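Structure at a glance
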Amino acid sequence: QVQLVESGGGLVQPGGSLRLSCAASGSGFNIFAMGWYRQAPGKERELVSTIGSRSNTNYADSVKGRFTISRDNTKNTVYLQMNSLKPEDTAVYYCKVVYRDGVEYWGKGTLVTISS
């Protein structure tokens, strides 16, 4: 059973930065894609960013130019660098890993709060 361990959430002021990390246990050889989603209070979970096996990336319009996703295949880890944070970025951020056989795993989430 694959486990995803997320870290890096917290409280930061508007305009600040945070870096989220998500490490997948086990072999990463068959990881196809990794990504981040978020769910704000009272809202549905939404895509933030994904990165494929060839490091091809995808971003939600709301975070383009502010967030950067990256992955370290040697560590089975995906990162999300978040800059110029806004109060509307406040949410629980979830990591997702998709394997080549189509199986998906989700992390338990890490809370990001943007507030002065």
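Described in the following lines is the structure provided in the data block. Worth saying up front: this structure is predicted, and the values here are computed from it rather than measured. For every chain, the first residue of the written sequence is number 1, and numbering continues from 1 onward in sequence order. Only residues with pLDDT of 70 or above have their local features reported here, since the model is predicted, and side-chain atom pairs are shown and tallied only from 80 upward, although totals for entire chains, interfaces and linings are computed over all residues. Side-chain descriptors were evaluated using all non-hydrogen atoms of the structure, hydrogens and water having been removed beforehand.

1. Section: the pairing of strand 4 (residues 31–39)
- Buried means the residue's accessible area, taken with a 1.4 Å probe over protein chains only, is under 20% of the maximum for its type, while exposed means over 50%, and partly exposed covers the values in between. Numbering of helices and strands runs from the N terminus; a helix is a DSSP stretch of H or I covering at least four residues, while a strand is a stretch of E covering at least two. Of all 9 residues making up strand 4, 7 are buried, and the element is well covered by its neighbours.
- A pair of strands is labelled paired if DSSP reports no fewer than 2 bridges between them. Relative to strand 9 (residues 91–99), strand 4 runs antiparallel, the two sharing 8 bridges. Considered in strand 9, the bridge of Tyr37 is made with Tyr94.
- In terms of strand pairing, strand 4 meets strand 5 (residues 46–52) through 6 bridges, oriented antiparallel. Bridge assignment links Trp36 to a residue of strand 5, and that residue is Ser49.

2. With respect to the environment of Val63
- In this fold, Val63 is placed in the loop between strand 6 (57–59) and strand 7 (67–72).
- For Val63, a relative accessible area of 0% gives the class buried.
- Between the C-alpha atom of Val63 and that of Asn83, which follows or precedes it by 20 residues, the distance is 9.2 Å.
- Pairs of residues are marked as contacts when any of their non-hydrogen atoms sit within 4.5 Å. Leaving out residues up to four positions away in the same chain, Val63 has contacts with Arg38 and Val48.

3. Thoughts on the state of the cysteines
- Any two cysteine sulfur atoms within 2.5 Å of one another count as a disulfide. Tallied over the entire structure, the rule returns 1 disulfide.
- Two residues share a disulfide in this structure: Cys22 and Cys95, whose sulfurs sit 2.1 Å from each other. Across the S-S bond linking Cys22 and Cys95, the dihedral sits near -80 degrees, which makes this disulfide left-handed. Of the two residues, Cys22 sits in strand 3 (residues 18–24) while Cys95 sits in strand 9, which places them 73 residues apart along the sequence.
- Under the relative-accessibility criterion, Cys22 is labelled buried at 0%.

4. Here's the deal with the environment of Gly35
- As for its placement among the helices and strands, Gly35 is situated in strand 4.
- In this structure Gly35 comes out as buried when scored by relative accessible area, which is 1%.
- Separated by 34 residues in the primary sequence, Gly35 and Ile69 place their C-alpha atoms 8.0 Å from one another.
- Beyond its immediate stretch of four places on either side in the chain, Gly35 contacts Ser49, Thr50, Ile69, Tyr94, Cys95 and Lys96.

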